[in-house]
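Spelled out, the chains give:
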Amino acid sequence: QVQLVESGGGLVQPGGSLRLSCEASGLSLGYYTIGWFRQAPGNEREGVSCISSSDGNTYYADSVKGRFAISRRNAKNTAFLQINNLKLEDTGVYHCAVRGPSWTTTCLLDEGWYDYWGRGTQITVSP
């Protein structure tokens, strides 16, 4: 059984920070590309960041560059998303997703590219 479980969301004021975690089971995360996606009510799901299985190359949506940082700890089968300077428009359900097993040096912010998804964790940014 492949499972991805996100945690770390919550209610935060604008300008605050959060660190999301994605714990994987049923797979060896080192062989998988990892992506983070978010979806606000009434909006389509959008890719915010991904990290490749080979070399750990990272990519970010323009809307989050400079504020979000993706990382991975393969030995712990866990991925992270550090989020700084939260804005109202960051509100939504954040999902992690993985693609693999494979060995690639790039990744795509396209939800159709990923194989497994977590249920998500809610981030609400409000004054």
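For the structure itself, consult the block above.
A. Local environment of the state of the cysteines. Here the structure, examined in full by the defined rule, presents two disulfides. Linked covalently through their sulfurs, Cys22 and Cys96 form a disulfide whose S-S length is 2.0 Å. Its torsion about the S-S bond being 60°, the disulfide of Cys22 and Cys96 is classed as right-handed. Taken as a pair, Cys22 in strand β3 (residues 18-25) and Cys96 in strand β9 (residues 92-99) lie far apart in primary sequence, 74 residues in all. Given a relative accessible area of 2%, Cys22 falls into the buried group. Here Cys50 connects covalently by a disulfide to Cys107, the sulfurs 2.1 Å from one another. Its torsion about the S-S bond being 85°, the disulfide of Cys50 and Cys107 is classed as right-handed. Of the two residues, Cys50 sits in strand β5 (residues 46-51) while Cys107 sits in the loop between β9 and β10 (116-117), which places them 57 residues apart along the sequence. What makes Cys50 buried here is its relative accessible area of 0%.

B. Structural view of the nonpolar core. Among the nonpolar cores identified, the biggest contains 26 residues, and Trp36, Leu81, Ile83 and Ile123 are the most heavily contacted of them. Elements represented by at least two residues in this core include exactly β3, β4 (33-39), β5, β7 (68-73), β8 (78-83), β9 and β11 (121-125). No other element matches β3, which puts four residues into this core. If sequence neighbours within four positions are ignored, Ile123 has contacts with Gly9, Gly10, Leu18, Leu20, Ile83, Leu86, Asp90, Thr91, Gly92 and Tyr94.

C. Fine view of the environment of Ala61. One can find Ala61 in the loop between β6 (58-60) and β7. C-alpha separation for the pair Ala61 and Ser49, spaced 12 residues apart in sequence, amounts to 6.3 Å. Residues in contact with Ala61, not counting those within four places in the same chain, are Gly47, Val48 and Leu109.

D. Geometry of the sheet that holds β7. Taken together, four strands build an open sheet; the order of strands is β1-β3-β8-β7 and the sheet is antiparallel. Of all strands in the sheet, those with a lone pairing partner are β1 (3-7) and β7, marking the two edges. Strand-to-strand twist of the sheet, defined as the mean angle between neighbouring strand axes without regard to direction, takes the value 15°.

About the cut-offs
Residues numbered from 1 in each chain as written. Predicted model: local features only at pLDDT ≥ 70, side-chain atom pairs only at ≥ 80, totals over all residues. Heavy atoms only, no water. Disulfide = S-S within 2.5 Å. Helix = DSSP H or I, 4+ residues; strand = E, 2+ residues; numbered from the N terminus. Buried < 20%, exposed > 50% of the residue type's maximum accessible area, 1.4 Å probe, protein only. Core = buried A, V, L, I, M, F, W, Y, C linked by side-chain atoms within 4.5 Å. Contact = heavy atoms within 4.5 Å. Pairing = 2+ DSSP bridges. Axes fitted to C-alpha atoms, helices over the stretch in contact; angles between N-to-C directions.

Nothing here speaks to function; it is all geometry.
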